[in-house]
Structure formats: C-alpha cells, structure tokens
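Topology and contacts: notes
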Amino acid sequence: MFTDKIELKDVDKMDPEFRDLLGRVLTIQADCEIGGPHLYVEKMLPAAPTKLDQLIIARTAAEEIDHFRKVARVAGDMGVDVSFVLSQPNEKRFVDTFRGLITTWEDNSVFGFLIDRVGRYQLEEFYDCSYLPLQRILPDIVTEELGHIDYGYNKTRELLSKGDEQKERVQRAIDYWYVRALDMFGRSGSKRAERYRYWGLKRRTNEQAREDYINEVNPILLSLGLKIPDPLKGRRYV
Amino acid sequence: MPEAAANTEQLDEHLLEVVRALHGAVKQGVSHAGDPKIVDPAIADCKEILDVIMAGNVKEWLN
C-alpha cells in the first residue's frame, strides 16, 4: 500500500498508474458535481412549490458549480482538462444516475435525500487521501453537501405529511432512486477500486461503502414510514 | 511541476464570478422573500445565470 502524501509539484514523478487513476477520479467527480444541476435546474427552478424553494434550488446549483470549479482546478493544475463535462449532454454522464432529467418535486426531494448522500460518501473516500490538493478542498464541499442532504430529507418528510396519495408518490421516487444510489458505488470486487485503494486515493472497497450507505439509509427510510426497496431489483452494478 | 491544462486559471476565475453572482441574487431574494418586487427579479437573475452555465459554451465564456 502506498502511504506517502503527494503535492502538485511531485505529480510528474509519480507512477503513471497513480496519475491516470487520479485524473480519472477527478474527471468523474467533476462530472458528478455539474451533473446534479443539469438534472434539476431546467424543470425544478421554475416549478418549485415556493419562491424560497426556487431560491434554494438556485443556491444548491451555485454550490455544485463551485464544487465543480474546485475539482476542475485541482485537475487542471496537474494538466487534466475536465472542462468538456460542462458541455456534454446528460446522456453522456459518467454515472448513470445523472443521465436524464428530474421533472417532479418528489424526485427532486428524494434526489437530495438519497443521491447527494452518495455524493457525501464518494467525497469521504478522499479523506486523508494521498493527493493533498484534493484533500484540501474537501471540508467546504462536504459541509455544503450535508446541507443538500438535509434539505432533501426535510422536503421528503414535508411531502410525506400530506397524505396517502403523496406518500405513494414519494415511495415511487424512493423505489426509483434507491437502486440508482446503490449502483453509484460500482461493482463489488472491482479491480480498479482495489488500485484506487492501493494508491491511497480511496479508503473503502465499493461493497464496503455501499454497505455503510445501506446501514445509514435503511433506518431513516423506516423511521419515515417508507418501505425499503428490493436492493437488487433493477440494479446494474452488483 | 506539471504543466497546467489550458485555461485552468481563466475557467476558475470565471466560475468563481458566476458563483458569487448567483449567491448575491439568492441572498437578495431570500432576505426579501415576501416582496415580489424584489424576489421575482432575483429568481429571474438566477435563472438567467444558470441558463448560461447549463448551456455550457465554455469557449464563449472565456472569450
């Protein structure tokens, strides 16, 4: 296992595999950061239930754009240009979850509650990672992601208080996003994930991170009176 | 020291300005949430800024 801590000035001296994996993970992270606003801004900014919610959507998008900026800077400084993800269509996003469009308030709320939480998990993988410029941008990003998760959770809870019909709509959104959330952790036993861990770029295996997520989310779903979806139904990466 | 990708600095500066403008508009709207004369233009400003970012014409921004 590689345990050194690397600064920008040392990147050129590193093994090509380290540089490739670092460039790859930064590109995917940048794509996910900007992929969120591309999912919800178009339909949800005009359709949010209150003006305050419209403003919170705009603020959330601003924060995600800023996260993209910070990740793009870390990548750009080491010679990796990730700006192409700003203009690519949703269908070409690296992660399936970001391919499409959010068109309902239930989906928007559950997206924050479940998918931004996966985002937090992905960022936590870089805690104490071997590349210090990446490690340094994490605290502010994670703090803002926590705000997005809380907002999604509170809006989901608010919807659930509006009666059975609304609860069914929320459950449908949960059923849709839950399996996508689990897929976002990648394949169990992934060889690439092992190399990320070898180079100190990630902490957990895909299956460990997914298990931690399930252990966190399932009790929350139950406490809200929601059913836990079948964790295998519709999954693409098991 | 590795060579930075082209436009790294410019893109960073541009997006930082965008983010600040968005936060400014949001703050204006939130602090006057009950006044449509202020909150509606604030939301419109956010939409206008975000539409440009979502369109993703990076070359245009940097020129």
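The rules we used
- Residues numbered from 1 in each chain as written.
- Chains lettered and ligands numbered in written order.
- Predicted model: local features only at pLDDT ≥ 70, side-chain atom pairs only at ≥ 80, totals over all residues.
- Helix = DSSP H or I, 4+ residues; strand = E, 2+ residues; numbered from the N terminus.
- Rg over C-alpha atoms; globule rule 2.2 N^0.38 Å.
- Buried ≥ 20, exposed ≤ 12 C-beta atoms within 10 Å, placed from the backbone.
- Contact = placed C-beta atoms within 7 Å.
- Nonpolar A, V, L, I, M, F, W, Y, C, P; charged D, E, K, R; others polar.
- Core = buried A, V, L, I, M, F, W, Y, C linked by C-beta atoms within 7 Å.
- Axes fitted to C-alpha atoms, helices over the stretch in contact; angles between N-to-C directions.
- Parallel < 35°, antiparallel > 145°, perpendicular 65-115°, else oblique.
- Left-handed = near helix turned anticlockwise from the far one by under 90°.
- pLDDT = per-residue confidence, 0-100.

**Focus: the overall build of chain B**
- Secondary structure summary: chain B contains three helices and zero strands in total.
- Secondary structure elements of chain B occur, N-terminal to C-terminal, as α-α-α.
- The C-alpha radius of gyration of chain B comes to 15 Å, more than 25% above the 11 Å expected for a compact globule of 63 residues.
- Looking at chain B as a whole, 24% of its 63 residues are labelled buried.

**Remarks on the overall build of chain A**
- When you go through chain A residue by residue, the secondary structure sums to seven helices and zero strands.
- Its helices and strands in sequence order give chain A the pattern α-α-α-α-α-α-α, from N to C terminus.
- Radius of gyration (C-alpha) of chain A: 18 Å, near the 18 Å computed for a compact globule of 238 residues.
- Seen through its C-alpha atoms, chain A measures out along the principal axes to roughly 60 × 35 × 30 Å.
- Across the 238 residues in chain A, those meeting the buried criterion constitute 43%.
- Long-range contacts, defined here as pairs at least 24 residues apart, represent 77% of the contacts in chain A between residues at least 6 apart.

**What to know about the interface of chain A and chain B**
- Taken together, the contact pairs 31 residues of chain A with 30 residues of chain B.
- Every element with two or more residues in the side of chain A that touches chain B is listed here: α1 (16-47) and α2 (51-77) of chain A.
- Of all the elements, α2 of chain A adds the most residues to the side of chain A that touches chain B, at 15 residues.
- Of the residues in the side of chain A that touches chain B, the class split is 15 nonpolar, six polar and 10 charged.

**Digging into unusual backbone geometry**
- Look at Asp 128 of chain A: it is not a glycine, yet its phi comes out positive at around 60 degrees.
- Following the sequence through the fold, Asp 128 of chain A ends up in the loop between α3 (105-124) and α4 (132-160).
- Accessibility expressed as a C-beta count within 10 Å gives 11 for Asp 128 of chain A, which makes it exposed.
- One non-glycine residue with positive phi stands out, namely Asn 7 of chain B, at about 70 degrees.
- By secondary structure assignment, the location of Asn 7 of chain B is in the segment before α1 (8-31).

**Overview of the nonpolar core**
- Leu 26, Ala 30, Ala 58, Ala 75 and Trp 177 of chain A together with Cys 46 of chain B are the most contacted members of the largest nonpolar core, which has 75 residues in total.
- At the level of secondary structure, the elements contributing two or more residues to this core comprise α1, α2, α3, α4, α5 (164-183) and α6 (191-198) of chain A together with α1 and α2 (36-55) of chain B.
- Apart from the residues lying within four places of it in its own chain, the contact partners of Ala 30 of chain A are Phe 68, Val 71, Ala 72, Ala 75, Val 82 and Val 85 of chain A.

**Focus on the packing of α3 of chain A against α5 of chain A**
All names here are of chain A.
- Between α3 and α5, the least distance of the axes is 9 Å, while the angle of their chain directions is 30 degrees. One way to sum up the angle between α3 and α5 is to call them roughly parallel. The hand of the α3/α5 crossing is right-handed. Touching Glu 106, Asp 107, Val 110, Phe 111, Leu 114, Ile 115 and Val 118 of α3 are Arg 169, Val 170, Ala 173, Ile 174, Trp 177, Tyr 178 and Ala 181, all from α5.
- Of the residues contributing to the contact of α3 with α5, the split by class is 11 nonpolar, no polar and three charged.

**A few points about the environment of Glu 125 of chain A**
Residues and elements named next belong to chain A.
- With respect to the helices, strands and loops of the structure, Glu 125 is situated in the loop between α3 and α4.
- Along the primary structure Glu 125 and Leu 45 are separated by 80 residues, whereas in three dimensions their C-alpha atoms are 31 Å apart.
- When neighbours within four sequence positions are excluded, Glu 125 is seen to be in contact with Lys 202, Arg 203, Arg 204 and Ala 209.

**Things to note about the confidence of the model for chain B**
Residues and elements named next belong to chain B.
- Taken residue by residue, chain B gives an average pLDDT of 96. The fraction at 70 or more is 100%.
- When the elements of chain B are averaged for pLDDT, helix α3 (residues 58-62) gives the smallest value, 94, and α1 the largest, 98.
- Scoring the predicted complex yields pTM 0.97 and, for the interface, ipTM 0.98.

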